[in-house]
Amino acid sequence: MPDVTIPADLLPADGRFGSGPTKVRPEALEALARRATDFMGTSHRQMPVKLVVAEMRNGIAELLRAPDGYEIICGNGGSTGFWDAAVFGLIENKSHHLSFGEFGSKFGKAVSMAPHLEEPSVSASDMGTHPPLEPVHGVDAICYTHNETSTGVMLDPARVSTGDQLMMVDATSAAGGLMFDANATDVYYFAPQKALASDGGLWIALVSPAAVERIEQIAASGRYIPPSLNLKTALDNSRKDQTYNTPALATVFLTAQTVNWFNENGGLSWSAGRSATSAETLYSWASASDAAEPFVQIESQRSKVVATIDFDESIDADTLDGVLRANGILDVNGYRKLGRNQLRIGMFPAIDPADTRALTACLDYCIERLG
Ligand SMILES: *Cc1c(COP(=O)(O)O)cnc(C)c1O
């Protein structure tokens, strides 16, 4: 590993630029420490915890501009757990999946393994692009990822469903960091350890009245549903500001902290605006650099929350990542399975856009010494 010491005055104030788990604000952790004895380590069936669950649910509904009749439900297991819950409780017979990265394809595989569902249809595209979002016939759910965390491609939600088809959107790395129209979605689900600057373990979903109807109808149909994956149970508990089994209380608390911070400052346009500012900084830097360029060629598909930056052969991205890590700039390695000479950089709202600017100066400093 080359011995490169970045001057202290170039370094960002906070070196966490990972794509998940992401930077948790020290202010939120301090607020949690202040609740060390009347919240942490207390019953999730009692008021102090239920009030924070309510704060989180109401705050998210406000942040995401939940249309009339939409609800926020939550449960344990993260987004991966939610896929399994959806396999049992949201997809009736057959789903369609857009596959353009690791996460969208994983959900498609989980559906494909389910003996009670038909083989899903899939439209795929080359890594670094997304397939078109188009109407599909003969399916009861259309599923795609708002932001592919693995490749740095975003797809703006639009409603292409007909009849009672559901639009199901994996917003794990998008929710809170990207603008969108909630009316274009029926199930907008995520885990809070990405754009919501919290910790893992929980799934949260904004669900439309049509999605609630689907959940109730399947639950009543007699289909076998494992109790911990039962979305009707999650719906009933969420309405009481509880979860079916014990949630990670710190995750719930930190999520509420972030959401309050976003809402107090102006809501989604403010939080997504911070990501957009970081994205503008980073992509302009990469486009101007001789050694780097944005991986995603189509500008409208270039993620504003996760930047994938390719390097030319003069720079080994893994070495660059190692040098940055030695200087306290963490988790900017590329997505392994993509196998490119690439860095992947989180630009989530909790990351100060000034720190993203500082990161570009650090990159220049290292590139000059490594190239
Ligand atoms: C991280 C991620 C997931 C998986 O989330 P877990 O909470 O770890 O299960 C799913 N989808 C997307 C788009 C992600 O970024």
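Residues numbered from 1 in each chain as written. Predicted model: local features only at pLDDT ≥ 70, side-chain atom pairs only at ≥ 80, totals over all residues. Heavy atoms only, no water.

A. View of the sheet that holds strand S7 (residues 166-170). The 7 strands are arranged S1-S9-S8-S7-S4-S2-S3 in an open sheet whose pairing can be described as mixed. The open sheet is flanked by strand S1 (71-76) and strand S3 (121-124), the only strands paired with a single partner. Strand-to-strand twist across the sheet, computed as the mean angle between neighbouring axes with direction ignored, equals 20 degrees. As defined by bridge partners, strand S2 (residues 95-99) adjoins strand S4 (residues 141-145) across 3 bridges and the pair is classed as parallel. Bridging across to S4, His97 finds its partner in Cys143. (Pairing = 2+ DSSP bridges. Helix = DSSP H or I, 4+ residues; strand = E, 2+ residues; numbered from the N terminus. Axes fitted to C-alpha atoms, helices over the stretch in contact; angles between N-to-C directions.)

B. Quick peek at the sheet that holds strand S12 (residues 342-346). The 3 strands lie next to each other as S10-S11-S12, forming an open sheet whose pairing is antiparallel. Every interior strand has two partners, whereas the edge strands, strand S10 (292-294) and S12, have only one. Sheet twist, expressed as the mean angle between neighbouring strand axes with direction ignored, is 30 degrees. Taken together, the 5 bridges between strand S11 (residues 306-311) and S12 define a ladder with antiparallel strand orientation. For Val306, the partnering residue across the bridge sits in S12 and is Gly346.

C. Region of the structure containing the domain arrangement of the protein. Domain assignment breaks the protein into domain 1 (27-264) and domain 2 (268-370). If you average the C-alpha positions of domain 1 and of domain 2, the two centres end up 27 Å apart. Contacts between the two partners involve 25 residues from domain 1, matched on the other side by 24 residues from domain 2. Between domain 1 and domain 2 lies a buried interface of about 2200 Å² when both sides are counted; carbon and sulfur atoms form 65% of it. The largest per-residue losses of area from domain 1 upon contact with domain 2 belong to Gly152, Met154 and Trp261, which jointly make up 22% of the total buried on that side. (Domains from an automatic or database assignment. Contact = heavy atoms within 4.5 Å. Buried area = accessible area lost by both parts, 1.4 Å probe.)

D. Region of interest: the pairing of S2. Counting buried positions over the 5 residues of S2 gives 5, a clear majority of the element. Both faces of S2 are covered, namely the face carrying Ser95, His97 and Ser99 and the face carrying His96 and Leu98. As judged from the 4 bridges shared by S2 and S3, these two strands associate in the parallel manner. Bridge pairing in S3 places His97 opposite Val122. (Buried < 20%, exposed > 50% of the residue type's maximum accessible area, 1.4 Å probe, protein only.)

E. Quick peek at the site of the ligand. The environment of the ligand is made up of 13 residues, and the closest members are Thr80, Thr149, Asp170, Gln193 and Lys194. Gln193 places a polar side-chain atom, nitrogen or oxygen, 2.9 Å from an oxygen atom of the ligand. Interatomic distance of 2.7 Å between a side-chain N/O atom of Lys194 and an oxygen atom of the ligand. Relative to its free-state accessible area of 390 Å², the ligand is covered by the protein chains to the extent of 86%. The greatest single-element share of the shell around the ligand, amounting to 4 residues, is contributed by helix H3 (residues 78-89). Residue classes in the shell around the ligand are distributed as 3 nonpolar, 8 polar and 2 charged. (Near = heavy atom within 4 Å. Polar contact = N/O pair within 3.5 Å; in protein donor to acceptor, adjacent residues only side chain to side chain. Areas by Shrake-Rupley, 256 points an atom, 1.4 Å probe, with all protein chains shown as cover. Nonpolar A, V, L, I, M, F, W, Y, C, P; charged D, E, K, R; others polar.)

F. Broad picture of the pairing of S4. Extensive coverage of S4 is indicated by the burial of 5 of its 5 residues. Going residue by residue along S4, you find Ala141, Cys143 and Thr145 tucked away on one face and Ile142 and Tyr144 tucked away on the opposite face as well. Pairing between S4 and S7: 5 bridges, direction parallel. Its bridge partner being in S7, Cys143 is matched across the sheet by Met168.

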